[in-house]
Structures are given as structure tokens and as C-alpha cells.
Amino acid sequence: MKKHGLLVVVGLMVAATGWFSLPLLASIPELNLSTARGDVSRGAYLARASGCIACHTDVKGGGAPLAGGAPLKTEFGTFYPPNLTTDVQNGIGGWTLEQFAIALRHGVSPSGDPYYPAFPYEFYAGLSDQDITDLWVAFQTVPPVAQTSTEHQLGFPFNLRRSLYLWQAMFLDDRPFAAEPDKDERYNRGKFLVESAAHCAACHSPRNLLGALDSGALYTGGASALEQEGNIPSITAKALIEAGWSELDLGYALKTGVKADGDVFGGSMAEVVREGTAYLQQQDRNAIAYYLFNRDE
């Protein structure tokens, strides 16, 4: 019954996209970005913090950096992270800085088509102009790799990209990141990393039938499509404390992969640490832990 209801809902979405499939690019404000202000080192750091290397590099398969990631299995089908090298034909070598910014913040490709939300643009909307410029100039240093991106393998009705026009209209919140003025710098740095760059809620939150985040249950845990991983745990302050975590333990685990009980992270979280958080400065790992233990729930 649940699956039947999902098909009906998506069918209605597809039918309604005739009203919504206006050019997405037309509704995006004009950007004023310049590569002259870009910082390669800061961009490379943000790429680690944002999971770009972890997702878009098939480490186990021996793939070149950012030339395309390992398959991402979900309940909606299998997604293949694309080539992000500077190759003109297969990567982003033919893009402009503005096209890169629009893709990150609004989930729209250079051709004007919407991206599937397996690409976490709903979180990257929080990146500032400087963040995006720094990322862009860092990506320009990546050698081109002539590797074709693999097409996603999605069953009906999720293979109908037109339904994404309505999905974005219904669920995409592309407002910029806003710091909390009554909180200190450490809290707001942690908030930015957790809620935007590192997009922790993407995995650690439940989703509805159409793949949108359940905003009323953020960080309460998610479901992995990989049987060996089981459910993805809750990372609310209450759940972390009940599981025996402390801020110090979590900051240490994000560097080493060693958990509070002495065990080690496995599966996708091990990859997040190995290719991402292990490269962060300790104050940023501590800020992540501080925010998770002190955010309002």
C-alpha cells in the first residue's frame, strides 16, 4: 500500500510539472563573482569539509581524484557521482564560475536542468560567495581525467527528471546560511559545518516518501540502503549522551575514526572521516561536536 501510494503521489507530481517546468535559470538572481578573489588553499579545505573528495572519488576502485565516485545506493535507485575534474568533455572544464555557483546553491545544471537531491545542493545553498569562489579556483587545479560519468540507475517513476521541477518547488530551501547572533563563534562555526558544508543531516535524518528531509526530525537518524551498515544513528545531543559520547570523544573520533566505546567507524562514516573530517583543523572538529551537543532541539 505504501509503494502504491508513493507511485500515485509521484505520478501526480509528474503530471503537474507542465506548470512548473519553466526555465529554472530565469528565476535565479544574477551573480557577481570573481576568480581574482579566490583562495586555492581555503577551497581545497572546504572541498574536504564538504565531502567532495569522498563522494566524487572511487577510492576503493582506484579511481583518480574527483573523476567520479563509487555507486551510491538508495531506496530510489543507484546514483553515480559525476566527474568533477577539469576535463572539458566529461568534467566541469567547460563550466563558468557562475554555472558552478548555480549548481551548488540551486541544484541547476549549466543546461538548465534540475539535479537529483542525491547531490546535496540544499545544504550547499549555505555557502557564501567567497566559499564558492574558493572551491572553484581549487577545482581548477585538478588535472583533467577523460572519464565519462555513469548514468544513474533509477526505476520508474524516479527516472523521470521532469518531476524534479516540482520537487524543488516543494522542498528546496536555498536561503543562505545565517549565523545566530546570540551564539558565540564556536557555535556558529559548528552550525555552518554541520548544517551546510558537511551536510550531516543528509545521512543522519529521515526522509519522506519523495526523498525530502523530515524537517521535524533532523539528526534523529536515517536508514541506509546498504544492509551491512544498518540504520544510521541519531546524532542529537540526547542520543549522543545516551550512547556514551562526550564532546571530546566526538572531536577525537572525527579525526581518528575511533568511537567512544573503542570501536571504529565502518561503512560510509569511515569514508567521511578518512577523506574528509580527518583533514580538518582540530578546532573545526571540536566546533562540530560543540554544536551537536548544544543545538536547540
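## Focus: the overall build of the protein
From N to C terminus, the protein includes 13 helices and five strands. Relative to its 297 residues, the protein shows a buried fraction of 43%. Here the contacts in the protein between residues at least 6 apart in sequence split such that 65% fall between residues at least 24 apart. Only carbon and sulfur atoms are counted for the fraction: they give 55% of the accessible area of the protein, which is about 15300 Å².

## A few points about the packing of helix H4 (residues 97-106) against helix H6 (residues 129-139)
Running from N to C, H4 and H6 point in directions that differ by 120 degrees, and their axes come no closer than 10 Å. Between H4 and H6, the angle falls in the class oblique. Viewed along their axes, H4 and H6 form a crossing whose handedness is right-handed. Judged by residue contacts, Leu97, Phe100, Ala101, Leu104 and Arg105 of H4 engage Asp129, Ile132, Thr133, Leu135, Trp136 and Phe139 from H6.

## Focus: the environment of Leu213
Position of Leu213 among the secondary structure elements: in the loop between helix H9 (201-204) and strand E4 (222-223). Taking the C-alpha atoms as reference points, Leu213 and Cys203, separated by ten residues in sequence, lie 9.6 Å from one another. Contact partners of Leu213, with chain neighbours within four places excluded, come to Glu122, Phe123, Ala201, Ala202, Ser205, Pro206, Arg207 and Leu218.

## Considering the environment of Pro29
Along the polypeptide, Pro29 turns up in the loop between helix H1 (2-20) and helix H2 (40-49). Judged by its relative accessible area of 57%, Pro29 is exposed.

## Some words on the state of the cysteines
What makes a disulfide is a covalent bond joining the sulfur atoms belonging to two cysteines. Taken as a whole, this structure holds zero disulfides when the rule is applied. There is no disulfide at Cys52, and the cysteine sulfur nearest it, in Cys55, is 8.4 Å away. Judged by its relative accessible area of 10%, Cys52 falls in the buried class. Cys200 provides the cysteine sulfur closest to Cys203, a residue in no disulfide bond, and the two sulfurs are 8.9 Å apart.

## Here's the deal with the layout of surface pockets
If you roll a probe as big as a water molecule over the atoms, it shows you where there is empty space left. For the second largest pocket, the calculated volume is near 630 Å³. Considering the residues around the second largest pocket, the lining is formed by 22 residues, among which Glu122, Phe123, Asp173, Glu195 and Leu218 are closest to the centre. Going through the elements one at a time, helix H5 (121-124), helix H7 (163-171) and helix H8 (185-197) are the ones with two or more residues in the lining of the second largest pocket. Looking at which element gives the most residues to the lining of the second largest pocket, the answer is H8, with three residues. Within the lining of the second largest pocket, the residues separate by chemical class into 13 nonpolar, three polar and six charged.

## What about the confidence of the model for the protein?
This prediction gives the protein a mean pLDDT of 88; 88% of its residues lie at or above 70. Scored below 50 in pLDDT, residues 1-10 shows ten contacts in the model against residues more than four places distant or in partner chains. Overall, residues 12-22 carries pLDDT values under 50, and its contacts beyond four positions in sequence, including any with other chains, amount to 19 contacts.

## Quick word on the side chain of His106
Note on placement: His106 falls in helix H4. When its relative accessible area of 12% is taken as the criterion, His106 is described as buried. The residues touching His106, leaving out its near neighbours within four places in the chain, are Ile28, Ala101, Tyr121, Gln168, Leu172 and Asp174.

Calculation rules
Residues numbered from 1 in each chain as written. Predicted model: local features only at pLDDT ≥ 70, side-chain atom pairs only at ≥ 80, totals over all residues. Heavy atoms only, no water. Helix = DSSP H or I, 4+ residues; strand = E, 2+ residues; numbered from the N terminus. Buried < 20%, exposed > 50% of the residue type's maximum accessible area, 1.4 Å probe, protein only. Contact = heavy atoms within 4.5 Å. Areas by Shrake-Rupley, 256 points an atom, 1.4 Å probe, with all protein chains shown as cover. Axes fitted to C-alpha atoms, helices over the stretch in contact; angles between N-to-C directions. Parallel < 35°, antiparallel > 145°, perpendicular 65-115°, else oblique. Left-handed = near helix turned anticlockwise from the far one by under 90°. Disulfide = S-S within 2.5 Å. 1 Å grid on protein atoms, 1.4 Å probe; cavity = no way out; pocket = protein on both sides within 12 Å on 5 of 7 lines; lining within 4 Å. Points joined across faces, edges and corners; volume = space filled by probe spheres on them. Nonpolar A, V, L, I, M, F, W, Y, C, P; charged D, E, K, R; others polar. pLDDT = per-residue confidence, 0-100.

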